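Architecture and fold: a report
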Amino acid sequence: MAGQAGLRQPVRGRISLKKHAFLAILAPALMAAAPVENSAILSRASSDASAFDRAAAQSRSGDAAGDEALAWYYETGTVVRRDAVRAVTLYRRAALAGLPRAQWRLGVMLDEGRGVDGAQPDEAFEWFAAAANQGHGPAWASLGVMFATGRGAAQDFEQALKCYLKAASLGEAHGFYGIGVQFAMGEGVKPDLGEATSWMLVAEALGDDQASAALEQLAGQGLDDAMVRVRAEAIADEFGIELPGNNSI
């Protein structure tokens, strides 16, 4: 899988990691909800009430894309009052029609127990897998989280890493972040804060807010900034990503 060879490249300046010191900042990465995907239909919709009306009309006509868009409005409370139960119902209709983003969002809501009677990680895992099998990057990242945390599947850090790498190969920021977490926490790999920081720099460049928060904590760890930057650029090149010139730790 793309990226596995790169993980074996050494990074100088390794330091020991006291796990508890980073647990609080890294814990949010263990949630199933990766950042909301900026799909075209949702970016067009924004807060435009007329777009909501169009989505509602599509949904009434039996259009699964309308169900998905309408579900987003109810999930986020944009234009309309937030209604998690309604969102789950609409996402499920679109998911059953085979729409991968709806499958992913349904999985997120099930895993978090929103709009349903308690968390349902087993079913969430199945929906993540269905979306991932259609090449959906955020779903691959969510599968990585499920394997890393042992929710909906047996805990398996090797499988988590494979899922994160697949997500990264699809350009999903949270995949890079998940790999960074595994190196920071020593989950299935040797703890390496330099390597963790390099992966998180790529995640931040792709807009992952959790990576930005983690990098603030890593900034005071005495790492070799130049070496970390070189490694981050190598990772970015491997995955076809351009890092901005002002990344720093």
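Residues numbered from 1 in each chain as written. Predicted model: local features only at pLDDT ≥ 70, side-chain atom pairs only at ≥ 80, totals over all residues. Heavy atoms only, no water.

What to know about the overall build of the protein chain
Counting its secondary structure elements, the protein chain contains 14 helices and 0 strands. Ordered by position from the N terminus, the helices and strands of the protein chain form the series α-α-α-α-α-α-α-α-α-α-α-α-α-α. For the protein chain, contacts bridging at least 24 residues in sequence account for 60% of all contacts bridging at least 6. About 11,000 Å² of surface is accessible on the protein chain, with carbon and sulfur atoms providing 50% of the total. (Helix = DSSP H or I, 4+ residues; strand = E, 2+ residues; numbered from the N terminus. Contact = heavy atoms within 4.5 Å. Areas by Shrake-Rupley, 256 points an atom, 1.4 Å probe, with all protein chains shown as cover.)

Observations regarding the environment of Val80
Along the chain, Val80 turns up in the loop between helix 5 (64-76) and helix 6 (84-96). Counting along the chain gives 28 residues from Val80 to Phe52, while the straight-line C-alpha distance between them is 8.4 Å. Apart from residues no more than four positions distant in its own chain, Val80 is found in contact with Phe52, Tyr73 and Tyr74.

Details of the packing of helix 7 (residues 100-112) against helix 8 (residues 121-132)
To characterise two packed helices, one gives the angle between the axes of the helices and the distance between these axes. At a minimum axis separation of 8 Å, helix 7 and helix 8 run at an interaxial angle of 160°. Taken together, helix 7 and helix 8 sit at an angle that is classed as roughly antiparallel. The interaxial crossing formed by helix 7 with helix 8 has left-handed handedness. Contacts from Pro100, Gln103, Trp104, Leu106, Gly107, Val108, Leu110 and Asp111 of helix 7 reach helix 8 at Pro121, Glu123, Ala124, Trp127, Phe128, Ala130 and Ala131. Among the residues making up the contact of helix 7 with helix 8, the classes are represented as 11 nonpolar, 2 polar and 2 charged. (Axes fitted to C-alpha atoms, helices over the stretch in contact; angles between N-to-C directions. Parallel < 35°, antiparallel > 145°, perpendicular 65-115°, else oblique. Left-handed = near helix turned anticlockwise from the far one by under 90°. Nonpolar A, V, L, I, M, F, W, Y, C, P; charged D, E, K, R; others polar.)

Some thoughts on the pattern of salt bridges
Enumeration according to the criterion identifies 9 salt bridges in this entry. Linking Arg114 and Glu75 is a salt bridge whose minimum nitrogen-to-oxygen distance equals 3.2 Å. Here Glu75 lies in helix 5 and Arg114 lies in the loop between helix 7 and helix 8, a separation of 39 residues in the sequence. For Arg114, a relative accessible area of 27% translates into the label partly exposed. Within the structure, one salt-bridge network assembled from shared partners comprises Glu75, Arg105, Glu112 and Arg114. (Salt bridge = Lys/Arg side-chain N within 4 Å of Asp/Glu carboxyl O. Buried < 20%, exposed > 50% of the residue type's maximum accessible area, 1.4 Å probe, protein only.)

What to know about the packing of aromatic side chains
Under the criterion given, the structure shown has 7 aromatic pairs. Ring geometry for Phe52 and Tyr73: centres 5.3 Å apart, planes at 85°, overall edge-to-face. Separated by 21 residues along the polypeptide, Phe52 in helix 4 (residues 49-60) and Tyr73 in helix 5 bring together distant segments of the chain. Like Tyr73, Phe52 is buried. (Phe/Tyr/Trp six-rings, centres within 6.5 Å; stacked < 30°, edge-to-face > 60°.)

Digging into unusual backbone geometry
In this structure, Val79 is a non-glycine residue whose phi angle is positive, near 70°. Mapped onto the fold, Val79 is located in the loop between helix 5 and helix 6. According to the relative accessible area criterion, Val79 is partly exposed, its value standing at 43%.

A short note on helix 6
An α-helical turn contains 3.6 residues, so any two residues separated by three or four positions project in the same direction. An ideal rise of 1.5 Å per residue puts 18 Å on 13 residues; helix 6 measures up with 18 Å between its terminal C-alpha atoms. Of all the residues in helix 6, the buried ones are Ala87, Val88, Leu90, Tyr91, Ala94 and Ala95. In the core, the buried residues of helix 6 are packed alongside helix 4, helix 5, helix 7 and helix 8. For helix 6, the N-terminal cap is Asp83; the gap from its side-chain oxygen to the backbone nitrogen of Val85 is 3.3 Å. (Expected span 1.5 Å × (residues − 1). Polar contact = N/O pair within 3.5 Å; in protein donor to acceptor, adjacent residues only side chain to side chain.)

Description of the environment of Leu161
On the secondary structure map, Leu161 appears in helix 10 (residues 157-169). A sequence separation of 20 residues divides Leu161 from Ala141, and the C-alpha atoms of the two residues are 9.5 Å apart.

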